[in-house]
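# Coordinates in review
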Amino acid sequence: MHIRSATFQISAPSLETCPVSDLPEFAFIGRSNVGKSSLLNMISGKRDLAVVSATPGRTKLINFFLINNQWTLVDLPGYGHAQADKQERERFQQMIATYLSGRENLALVFVLIDGRHSPQQIDVDFVQWLSTYEVPYVLVFTKADKLKSGPLKQNIAQFQERLAGLCIAAPEVFTTSSKERNGRQELLSAIQSVLDRL
Ligand code: GDP
């Protein structure tokens, strides 16, 4: 897939306020600091695409970008914000859960996981939730340049083992490095193959 255009559309605070659209949506989510902004910039080929969603007031909203007039890239807020209080966190989780379980044109969710770490409970819980609600998703292990391939493979295997222990079928896995621009074509091909099947 060649990215010809990538433009910010709108930010929405809830499922009800998401734009009406028939275009397939591909959503990206992960803990804050996982490398989501860097990855979205790499995928779109725009150095500052995700700057829009990182501006004050937008970090806690669902941000929509139109790609090639063909599909929508959705930048979901990062989960596990240390600063947010409990009430804020719950409101936030509710918004993300409502979008993920209720958005009819949602085609695939890319769950970003920091490749440097062994499985974190918050990520396992989130994937379990997606699986329970039958939301289609794949895993993207980020920051692959930060460690050798052995330890990275081990972190991925451990994550898959945790999912297997919960009787969750092994999802498709990608590894990326925004620093070294690795994994871009693989993610775009995954998007293309979903588009081809629709
Ligand atoms: P976000 O909070 O999930 O949007 O994460 P950012 O994209 O802002 O990245 C968080 C930090 O990780 C920044 O300091 C980035 O420079 C760094 N980072 C992101 N992706 C990579 C990567 O692929 N490799 C390396 N080495 N650092 C990365």
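Quick caveat: nothing in here was measured; it's all calculated off a predicted structure. (Residues numbered from 1 in each chain as written. Predicted model: local features only at pLDDT ≥ 70, side-chain atom pairs only at ≥ 80, totals over all residues. Heavy atoms only, no water.)

### Points about the side chain of Lys36
- By the element assignment, Lys36 lies in helix H1 (residues 36-44).
- Relative accessible area serves as the criterion here: at 13%, Lys36 is assigned to the buried category.
- Not counting the four nearest positions on each side in its chain, Lys36 is found in contact with Phe28, Ile29, Asp75, Leu76, Gly78 and Leu112. (Helix = DSSP H or I, 4+ residues; strand = E, 2+ residues; numbered from the N terminus. Buried < 20%, exposed > 50% of the residue type's maximum accessible area, 1.4 Å probe, protein only. Contact = heavy atoms within 4.5 Å.)

### Comments concerning the site of the ligand
- Around the ligand sit Asn33, Val34, Gly35, Lys36, Ser37, Ser38, Lys143, Asp145, Lys146, Ser177, Ser178 and Lys179, and those are all the residues in its vicinity.
- Here Val34 contributes a backbone N or O atom positioned 3.2 Å from an oxygen atom of the ligand.
- At 2.6 Å from an oxygen atom of the ligand is found a side-chain nitrogen or oxygen belonging to Ser38.
- Out of a free accessible area of 570 Å², the ligand has 69% covered by protein chains.
- The residue makeup of the shell around the ligand, split by class, is one nonpolar, six polar and five charged. (Near = heavy atom within 4 Å. Polar contact = N/O pair within 3.5 Å; in protein donor to acceptor, adjacent residues only side chain to side chain. Areas by Shrake-Rupley, 256 points an atom, 1.4 Å probe, with all protein chains shown as cover. Nonpolar A, V, L, I, M, F, W, Y, C, P; charged D, E, K, R; others polar.)

### As for the nonpolar core
- By size, the foremost hydrophobic cluster in this structure holds 33 residues, and its most contacted members are Tyr99, Leu100, Val109, Val111, Tyr137 and Leu139.
- Elements supplying a minimum of two residues to this core: strand S2 (25-30), strand S3 (62-67), helix H3 (86-102), strand S5 (106-114), helix H4 (121-132), strand S6 (137-142) and helix H5 (149-165).
- If you tally residues by element for this core, the top one is H3, at five residues.
- Apart from residues no more than four positions distant in its own chain, Leu139 is found in contact with Val111, Ile113, Val127, Phe159, Leu163, Pro171, Glu172, Val173 and Phe174. (Core = buried A, V, L, I, M, F, W, Y, C linked by side-chain atoms within 4.5 Å.)

### Considerations on the packing of H3 against H4
- Contact pair H3 / H4: the axes reach a minimum separation of 10 Å and the direction vectors enclose 35 degrees. Between H3 and H4 lies a crossing of right-handed hand. In this structure, H3 uses Ala97, Leu100 and Ser101 to contact H4, whose residues at the interface are Phe126, Trp129 and Leu130.
- Taken together, the residues that form the contact of H3 with H4 break down as five nonpolar, one polar and no charged. (Axes fitted to C-alpha atoms, helices over the stretch in contact; angles between N-to-C directions. Left-handed = near helix turned anticlockwise from the far one by under 90°.)

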